[in-house]
Amino acid sequence: FNRAVLDGAVHLFAFTARGLGAVVNLFDRTVIDGAVNGAGEGADLAGRELRYGQNGNVQRYAAFLLGFAIIGVVLVAYFMST
């Protein structure tokens, strides 16, 4: 009797642990790996897009800097007035 009860309990525990492991494995492969791969692809895309702005043209750099500075001043003035 004890052997059957103990073996049954051990098998139930093992079956439960394997099922939980399968669920965790599925979550890891879909959600976690998906988020990590998505972040990597986003960084890759951002790097490819930002590469076009780095062409050595100093006038373009100055124009972007001036444009963003003007946008910043306008936003600060807007939020300070409200």
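Coordinates for the structure precede this section.
Reading the values: the criteria
- Residues numbered from 1 in each chain as written.
- Predicted model: local features only at pLDDT ≥ 70, side-chain atom pairs only at ≥ 80, totals over all residues.
- Heavy atoms only, no water.
- Helix = DSSP H or I, 4+ residues; strand = E, 2+ residues; numbered from the N terminus.
- Rg over C-alpha atoms; globule rule 2.2 N^0.38 Å.
- Buried < 20%, exposed > 50% of the residue type's maximum accessible area, 1.4 Å probe, protein only.
- Areas by Shrake-Rupley, 256 points an atom, 1.4 Å probe, with all protein chains shown as cover.
- Expected span 1.5 Å × (residues − 1).
- Bend = angle between axes of the 7 residues up to and from the residue.

S.K.: Just to check I follow, could you spell out the overall build of the protein chain for this structure?
M.R.: Regarding its fold elements, the protein chain presents two helices and zero strands. Taking 2.2 N^0.38 as the reference for a compact globule, 82 residues should give roughly 12 Å; the C-alpha atoms of the protein chain span a radius of gyration of 29 Å, well beyond that estimate. Counting over 82 residues, the protein chain shows a buried share of 0%. Accessible area of the protein chain: about 7,500 Å², with a carbon and sulfur share of 71%.

S.K.: Please clarify how helix 1 (residues 2–51) should be interpreted in this entry.
M.R.: An α-helical turn contains 3.6 residues, so a residue and the one three or four places further along point in the same direction. Its 50 residues give helix 1 an end-to-end C-alpha distance of 71 Å, which sits within 8% of 74 Å, the value for a rise of 1.5 Å per residue. A maximum bend of about 35° is found in helix 1 at Asp28.

Interpretation in functional terms is not warranted from these geometric data alone.
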